[in-house]
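Breakdown of the fold
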Amino acid sequence: MSVSQIEFRNVSFRYQEDMPWVLKNVSFTIPENEWVAVIGHNGSGKSTIAKLMNGLLFPQEGEIMVDGQKVEAETVWGVRKKVGMVFQNPDNQFVGTTVRDDVAFGMENHGMPRPLMIERIQESLSAVGMSGYERQEPHRLSGGQKQRVAVASVLAVSPKYMILDEATAMLDPQGRKEILTTMLDVQEQRNLSLITITHDLHEVVQAERVLVMNEGEVWLEGTPREIFAKKEQLTEIGLDTPFVTKLADELKSAGVDLSREPLNHQELLEELW
Ligand code: ADP
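- The name an unreviewed UniProt entry gives the chain is Energy-coupling factor ABC transporter ATP-binding protein, with Halobacillus naozhouensis as the organism.
- Reading the Sequence similarities (unreviewed entry) entry of the UniProt record for the chain gives the comment "Belongs to the ABC transporter superfamily."
- The annotation that UniProt attaches to the chain under Subcellular location (unreviewed entry) is "Cell membrane".

Spelled out as structure tokens, the structure:
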């Protein structure tokens, strides 16, 4: 039976033998077509999880399975084709002198035939709203555009899972909005799973499920609504809640009756009407 998911089975990891464990007995599953946001304070192990999923690191204990196959040295190229990754700094992701070369690079690494590459370049740039930019020099683009090209480079390889590790952290509000819109579009069009590691609570409320990491362990897991309802537990580990949920709390303590916890401005307005 074929399974379509990424699974962490009791994974423990440390960078060196004489160093403390960075992940401790971590288990979770990322199913097909789901958007999972991973949050947690700095150093809680989020990026390490991303690197383990992509086979950039291997665990000392436990197993990571991608579509039923264990991630290990022998399987790593197949895994990287399925699990794409977009990093934080848009400037560090460019290797080509044009947008087109850049999108082609990942496909060349995977040995894809040239006619297919040409087709995929068009398709993936169109999916991120960057058609027409093929001949542009990447360093002339805005931060949001650069990250959209980075997303296109990953999409071109046709992954089933895409990890965005703080991919919006260095962008201005406009760039963040562009990436968020792109991710929503891409997930809808491509049926892929998104794993977004982020500090941006706007991004978290868009996800279907949230994993909260704390000191190398999964501290909480649930839908954004479930997670942000656990305010004390989040505060305990120094995590914030979205502005709208704070506003809803103020309204409730002022006697306004809300039937559910709103997660965005639209939901809050609906509650008030
Ligand atoms: P996060 O993404 O949540 O900020 P990381 O996964 O980057 O957390 O880091 C988890 C822990 O591992 C931190 O204590 C960090 O200092 C340590 N760490 C990260 N990368 C390395 C590395 N290359 N070598 C040694 N320790 C590292």
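Further notes follow.
1. Looking at the overall build of the chain
- What the chain contains, in helices and strands, is eleven helices and ten strands.
- Relative to the globule expectation of 19 Å for 273 residues, the C-alpha radius of gyration of the chain, 20 Å, shows essentially globular dimensions.
- For the chain, the C-alpha atoms occupy an extent of roughly 65 × 45 × 40 Å along the three principal directions.
- For the chain, with 273 residues in total, the buried portion stands at 41%.

2. Some remarks on the sheet that holds strand 6 (residues 83–86)
- What the six strands build is an open sheet, ordered 6-7-8-3-9-10; its pairing is mixed. Edge positions in the open sheet fall to strand 6 and strand 10 (217–222), since each of these has one partner strand only. Here the strands of the sheet are splayed against their neighbours by 20° on average, with no regard to which way each runs.
- Against the sheet, helix 5 (residues 143–156) engages strand 6 and strand 7 (161–165), with an angle of about 165° to strand 6.

3. A short note on the nonpolar core
- Val38, Ala152 and Ile163 are the most contacted members of the largest nonpolar core, which totals 68 residues.
- The dominant element in this core, judged by the number of residues it contributes, is helix 5, at seven residues.
- Sequence-distant contacts of Ile163, that is, excluding residues within four places in its chain, are made with Ala50, Met53, Asn54, Val83, Met85 and Ile195.

4. Topic: the sheet that holds strand 1 (residues 5–13)
- Read from one edge to the other, the open sheet built from four strands follows the order 2-1-4-5, with strand pairing classed as antiparallel. The sheet is open, and its two edges are formed by strand 2 (23–31) and strand 5 (69–70), each paired on a single side.
- In this structure, strand 1 lies alongside strand 4 (residues 61–66), joined through five bridges in antiparallel fashion. Its bridge partner being in strand 4, Ile6 is matched across the sheet by Val66.

5. With respect to the site of the ligand
- Around the ligand, the neighbouring residues are Tyr15, Val22, Gly40, Asn42, Gly43, Ser44, Gly45, Lys46, Ser47 and Thr48.
- Residues that form the shell around the ligand fall into these classes: two nonpolar, seven polar and one charged.

6. Here's the deal with the pairing of strand 7
- Of all five residues making up strand 7, five are buried, and the element is well covered by its neighbours.
- The alternating pattern of strand 7 places Tyr161, Ile163 and Asp165 and Met162 and Leu164 on opposite faces, both of which are buried.
- Two elements, strand 6 and strand 7, share four bridges in a ladder whose sense is parallel. Pairing of Val86 across the sheet is with Leu164, part of strand 7.

7. Some details on helix 3 (residues 99–109)
- Residues of helix 3 that are buried: Val99, Asp102, Val103, Ala104, Gly106 and Met107.
- The secondary structure elements touched by the buried residues of helix 3 are helix 4 (114–127) and helix 5.
- Of the residues one or two after helix 3, Gly111 is the one with positive phi, at around 65°.

8. Quick word on the environment of Leu52
- Relative to the helices and strands, Leu52 is located in helix 1 (residues 46–53).
- Sequence separation of Leu52 and Leu258 is 206 residues, and the distance between their C-alpha atoms is 42 Å.

About the cut-offs
- Residues numbered from 1 in each chain as written.
- Predicted model: local features only at pLDDT ≥ 70, side-chain atom pairs only at ≥ 80, totals over all residues.
- UniProt positions renumbered as here; feature names shortened; annotations may be inferred.
- Helix = DSSP H or I, 4+ residues; strand = E, 2+ residues; numbered from the N terminus.
- Rg over C-alpha atoms; globule rule 2.2 N^0.38 Å.
- Buried ≥ 20, exposed ≤ 12 C-beta atoms within 10 Å, placed from the backbone.
- Pairing = 2+ DSSP bridges.
- Axes fitted to C-alpha atoms, helices over the stretch in contact; angles between N-to-C directions.
- Contact = placed C-beta atoms within 7 Å.
- Core = buried A, V, L, I, M, F, W, Y, C linked by C-beta atoms within 7 Å.
- Near = placed C-beta within 6 Å.
- Nonpolar A, V, L, I, M, F, W, Y, C, P; charged D, E, K, R; others polar.

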